[in-house]
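Architecture at a glance
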Amino acid sequence: MSSQSEKNDEGRPSADAVTGRWDGVDVHFGEEGGRLTYGSYLRLPQLLDQQRLESDPPAHDELLFITIHQVYELWFKQVLHEMTASRDAMLSGELWLAQHLLRRVHTIERTLTQQVDILETMTPQDFGEFRHRLSPASGFQSVQFREIEFLSGAKDPSFVKRFRGLSDLERARLDQRLEEPTLWDAFLVVLEAAGFATATEDDLRTGLSAVARDRAQYGAVWELAEALLQHDELAAAWRARHVVMVERMIGTKPGTGGSSGAGYLRSRLDLRYYPHLWHLRTSL
Ligand code: HEM
Ligand SMILES: N[C@@H](CC(=O)c1ccccc1NC=O)C(=O)O
């Protein structure tokens, strides 16, 4: 492959000047008269202008802290997109699609937990250079994180009440998540469509046991139950990893969000989205 570039008056390649030949075909790289580019498609000028430090003079590690959190929020957005579609697929009986989308969620969740490694390259001393500037902001105020909890099945309206500084739009999003069906609600619809009653605890235990004992007949329902359990396990793994990182960074200091810090986070470690699926294990 050869390439040549025409230069404009300023000596830079002109808009549609970067051309070459590949297998005898003319190829063009570049803007080509204002058409889509990598940067314009991905909105990079906007995206790369969103890392604003609070520290002054700038603390070296604050860029890492902001970047990590922004990457988390982008993945949270994707997780919500996939979870919502998975829930809807269950409601319309598309079981293969529902488990397929949940498997993508698992892969993202593993990445989210691994990202803690990067943040832990920051020392407590270096965090201390800018931590005092962050109060009263805290991860406690992550709207998308709470949306994921609600959509998973752990609806707790008291979090919405305790949120400080929510915009009207954010409050509406949380209220909507509190109203709409969760992944668990949708799974119950799947169980009912497979012929099982779900009205009482006993019904549910009977149905789940029957699915587990006859995977030849209920393979798709079993796979879905396993995908939900995996999501639950990965969420628990993130909470465990987060609290240990917190202890490493700030010991037993109270959090910038006003909680006791690690003590509060430890109180959330036993949260499980799907206790019925965990209880089932004991009887298998
Ligand atoms: C130096 C790193 C970090 C420290 C020291 C830290 C510390 C804390 C503390 C102390 C809390 C309790 C609330 C409070 O502030 O009073 C908290 C909550 C939270 N943090 Fe972090 N955090 C760190 C990194 C992260 C990252 C990277 C994320 C990713 C988004 C995150 C997400 C959250 C969430 C979602 C909560 C609420 C948890 C819940 O209510 O169960 N944190 N964090
Ligand atoms: N709550 C943390 C500070 C912190 O990590 C944080 C601060 C602002 C925005 C997001 C944060 N991340 C997770 O809590 C602390 O108490 O040190």
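Residues numbered from 1 in each chain as written. Chains lettered and ligands numbered in written order. Predicted model: local features only at pLDDT ≥ 70, side-chain atom pairs only at ≥ 80, totals over all residues. Heavy atoms only, no water.

1. A few points about the UniProt feature "binding site: substrate" (unreviewed entry) in the chain
Here, the residues flagged by UniProt with the feature "binding site: substrate" (unreviewed entry) are Phe65, Ile66, Thr67, Ile68, His69, Arg131 and Thr256. Positionally, Ile66 belongs in helix H3 (residues 62-91). Filtering out sequence-adjacent residues up to four positions away, Thr256 remains in contact with Arg131, Ser135, Pro136, Ala137 and Ser138. From its side chain, Thr256 meets the backbone oxygen of Ala137 in a polar contact 2.7 Å long. (UniProt positions renumbered as here; feature names shortened; annotations may be inferred. Helix = DSSP H or I, 4+ residues; strand = E, 2+ residues; numbered from the N terminus. Contact = heavy atoms within 4.5 Å. Polar contact = N/O pair within 3.5 Å; in protein donor to acceptor, adjacent residues only side chain to side chain.)

2. Looking at the site of ligand 1
Neighbouring ligand 1 are 27 residues, the closest being Arg146, His242, Ser259, Tyr264 and Arg268. Between His242 and ligand 1, the recorded distance is 2.9 Å, taken from a side-chain N or O atom to a nitrogen atom. Those elements that place two or more of their residues in the shell around ligand 1 are H3, helix H7 (143-152), helix H12 (215-250) and helix H13 (262-267). Per-element accounting of the shell around ligand 1 gives the leading share, six residues, to H12. Tallied by class, residues from the shell around ligand 1 come to 15 nonpolar, 10 polar and two charged. (Near = heavy atom within 4 Å. Nonpolar A, V, L, I, M, F, W, Y, C, P; charged D, E, K, R; others polar.)

3. Details of H7
Across the 10 residues of H7, 10 count as buried, placing the element largely inside the fold. Among all positions in H7, only Val143, Gln144, Phe145, Arg146, Glu147, Ile148, Glu149, Phe150, Leu151 and Ser152 are buried. In the stretch just after H7, Gly153 is the one whose phi turns positive, near 140°. (Buried < 20%, exposed > 50% of the residue type's maximum accessible area, 1.4 Å probe, protein only.)

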